[in-house]
Amino acid sequence: MPPAAEGKKPESGKSEAVKTVSEGKASFYQKLHDSEKVRILILGDHFAESSGLPDGVESWTSILQKELSERYGSEAEIVNLALPEGNDAYVQLENAPKDEPMDAAILCLGSYDESFSFRLRYEGLLRTLRLKYEKCSLISLIESVALTDPGRNADETASYIR
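Among the nonpolar cores identified, the biggest contains 16 residues, and L41, L43, L93, L125, L129 and Y133 are the most heavily contacted of them. Counting residues per element, the ones that place at least two in this core are strand 1 (38-44), helix 5 (89-94), strand 3 (104-108) and helix 6 (115-132). Ranked by residue count, the leading element in this core is helix 6, at four residues. Once you skip the residues sitting within four places of it in the chain, L43 turns out to touch A48, L81, A82, A89, Q92, L93, I106, L107, C108, L125 and L129. If you look at the next biggest cluster of nonpolar residues, it comprises 13 residues, including L32, A48, W60 and C108.

Listed below in structure tokens is the structure:
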């Protein structure tokens, strides 16, 4: 049995996981741990786009960027393709850079989406993200109003995201 499989480190002194990371195959979370630069794709609706904020209020993506820098020492490049009045995330994904890998994708959907077709469209989006950025960590966010505003389809669509 190889030394790494027994829980021992190989002669190089690095575990197999560390060796894999050092070869450029690090996950989003490992890059944060190692204080490396990360690229984050944002897809979604008005919440993801931070539209409607009062003057002087910082967007959640700016806060995220600062927190990742302060907490982990990682520079975060945010590629926000969200649309304030549209929620066709598949079209947004088609406009995402193809040659530049993403470490994470944050999906903020479900507030205004029609619940009947949301499940299929959401699954299609996840599958397309995986094909386009195979090592990308996928993170789904549900805005709080999506769960508290009865005038939207959010209750049902949030259940699909969970």
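There's more to say after this.
The next point concerns helix 4 (residues 60-72). Taking 1.5 Å of rise per residue, the 13 residues of helix 4 would be expected to cover 18 Å, and the 17 Å separating its terminal C-alpha atoms lies within 8% of that figure. Of the positions making up helix 4, those classed as buried are W60, T61 and L68. Looking straight down helix 4, one finds that the buried residues subtend no more than 100 degrees of arc, so they occupy a single side. Positioned one or two residues after helix 4, G73 has a phi angle of 75 degrees, which is positive.

For the rest of this paragraph, the subject is the environment of S62. Relative to the helices and strands, S62 resides in helix 4. Between the alpha carbons of S62 and I78 there is a distance of 8.6 Å; along the sequence they are 16 residues apart.

The rules behind these values
- Every chain is numbered independently, its residues counted from 1 as its sequence is written.
- Residue-level local features of this predicted model are given only where pLDDT is at least 70; pairs of side-chain atoms are given and counted only at 80 or more, and the full residue set underlies all totals for whole chains, interfaces and linings.
- Hydrogens and waters are ignored; side-chain quantities use all the structure's heavy atoms.
- The criterion is simple. A nonpolar core is a set of buried Ala, Val, Leu, Ile, Met, Phe, Trp, Tyr and Cys residues joined through side-chain atoms within 4.5 Å.
- Relative accessible area decides the class of each residue, using a 1.4 Å probe on protein chains only: under 20% of the type maximum gives buried, over 50% gives exposed, and in between gives partly exposed.
- Strands are runs of DSSP state E lasting at least 2 residues, helices are runs of H or I lasting at least 4, and numbering of each runs from the N terminus.
- Whether two residues are in contact is decided by their heavy atoms, any of which lying within 4.5 Å being enough.
- Multiplying one less than the number of residues by 1.5 Å gives the expected span of a helix.
- What the arc covers is the set of directions going from the helix axis to the C-beta atoms.

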